[in-house]
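# Examining the three-dimensional arrangement
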Amino acid sequence: MMAWLEATALATWTRESPSIWAYPTILTLHTVGLGIVVGANAVIDFRLLGFAPRISVPSLSPLFRLILWAFVLNAATGLLLFMSEATTKSKQPIFYIKLTFIALALWNTDLVRRGMLKDGPIGAPLNSSRYRRLAIVSLVLWSAAITAGRLMAYL
Amino acid sequence: MDAFVEWLRATPLSQAIVFRIWVWPLCETIHFIGLALIIGIAGFFDLRLMGFFKQVPIDDARELMPLAVIGFLLNLTTGVTFFIGHPEQYAHNPAWWWKIGFLLLAGINAFVFQFVVGKRTVGLRAGVDAPIAAKTIGAVSLISWFAVLYFGRMLPFLGGAF
């Protein structure tokens, strides 16, 4: 299965094309997406932790759409990067650890999003300890996902 | 430049960075987290200047900026560590010089905002557009930081590093 994936035309192009638009651009777009996903989450998280308290939390909700699109970019580029070295990457435990952190972080981000939809207009509940907890968990999980991703080059 | 690179590589600090195997991955990880802070926090402020998120008063968006400065300091520290560890990989690398160029542009741009244009955005309420000069500053900043990211990530491909 992994050998087949790695041998597909798309995987071969990603891995072997000398074009700057193949592996280098796909990898760079993956880092751009990382910056947007984690960075936009950080804006929300730090606001929920009490930074810039005069920003109304619901006014940040367009950031969730930005996070979604950047995540789609990273799922697509991530799939290409995985396919290009499927046989080795599928054997790396740190890869599965990274996917787990991303799944948990996404779930957590969605809890914040749905909570903001429900409680947002009222404002007051957004300063509750529940949102502070979600914000800290978000910062920890996204940082852990970055760490695991970076370690894929070493472990 | 070559003499400087040779001298730097021979320093005990450079040797320590290269020969302790955990230093490089640790610095890379911190560099990526710092990157996300800069793109997210500074990018949010840039977008507000440009006319997005208009419900957020500009002064309030600006209150988050110290977090972007923290991200920048993390990346300056880890970036200098990379350079000390392997100066020969960067000193002759065109991608690295482009990166430094866009860092300088982002810095000059931020300086102009801080000391000249920023005064004109103080007190602008929610829903109010920033003046065109401030919009331009926002766009230049956003483009510069993504260019810094681009040339940093492309160091191995445009300049053949590592």
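Preceding this section is the structure that the text describes.
Residues numbered from 1 in each chain as written. Chains lettered and ligands numbered in written order. Predicted model: local features only at pLDDT ≥ 70, side-chain atom pairs only at ≥ 80, totals over all residues. Heavy atoms only, no water.

Turning our attention to the interface of chain B and chain A. Contacts between chain B and chain A engage 28 residues on the former and 31 residues on the latter. Here chain B meets chain A over a buried area of about 2700 Å², counting both sides, of which 78% is carbon and sulfur. Here chain B and chain A share 3 salt bridges between them. Its salt-bridge partner being A:Arg54, residue B:Asp60 comes within 3.0 Å of it at the nearest N-O pair. The tally of links from chain B across to chain A stands at 4 residue pairs in polar contact (both at pLDDT 80 or more). Of all the secondary-structure elements, those providing two or more residues to the side of chain B that touches chain A are α3 (23–50), α4 (58–62), α8 (132–153) and α9 (155–158) of chain B. (Contact = heavy atoms within 4.5 Å. Buried area = accessible area lost by both parts, 1.4 Å probe. Salt bridge = Lys/Arg side-chain N within 4 Å of Asp/Glu carboxyl O. Polar contact = N/O pair within 3.5 Å; in protein donor to acceptor, adjacent residues only side chain to side chain. Helix = DSSP H or I, 4+ residues; strand = E, 2+ residues; numbered from the N terminus.)

What follows deals with the side chain of A:Ser17. Residue and element names in this part refer to chain A. Inspection of the secondary structure assignment puts Ser17 in the loop between α2 (9–16) and α3 (23–48). For Ser17, a relative accessible area of 18% translates into the label buried. A polar side-chain atom of Ser17 sits 3.0 Å from the main-chain amide nitrogen of Ser19. Setting aside residues up to four positions removed in sequence, Ser17 forms contacts with Thr12 and Ala22. (Buried < 20%, exposed > 50% of the residue type's maximum accessible area, 1.4 Å probe, protein only.)

What follows is about the environment of B:Asp60. Looking at where B:Asp60 falls in the secondary structure, it is placed in helix α4. B:Asp60 has contacts with A:Ala52, A:Arg54 and A:Ile55, leaving out every residue within four places of it along the chain. Within polar-contact distance, the side chain of B:Asp60 engages the side chain of A:Arg54 at 3.0 Å.

All names here are of chain B. Quantified by volume, the second largest pocket comes out at close to 520 Å³. The element that contributes the greatest number of residues to the lining of the second largest pocket is helix α7 (residues 94–115), accounting for 8 residues. Class assignment for the residues of the lining of the second largest pocket results in 16 nonpolar, 4 polar and 2 charged. (1 Å grid on protein atoms, 1.4 Å probe; cavity = no way out; pocket = protein on both sides within 12 Å on 5 of 7 lines; lining within 4 Å. Points joined across faces, edges and corners; volume = space filled by probe spheres on them. Nonpolar A, V, L, I, M, F, W, Y, C, P; charged D, E, K, R; others polar.)

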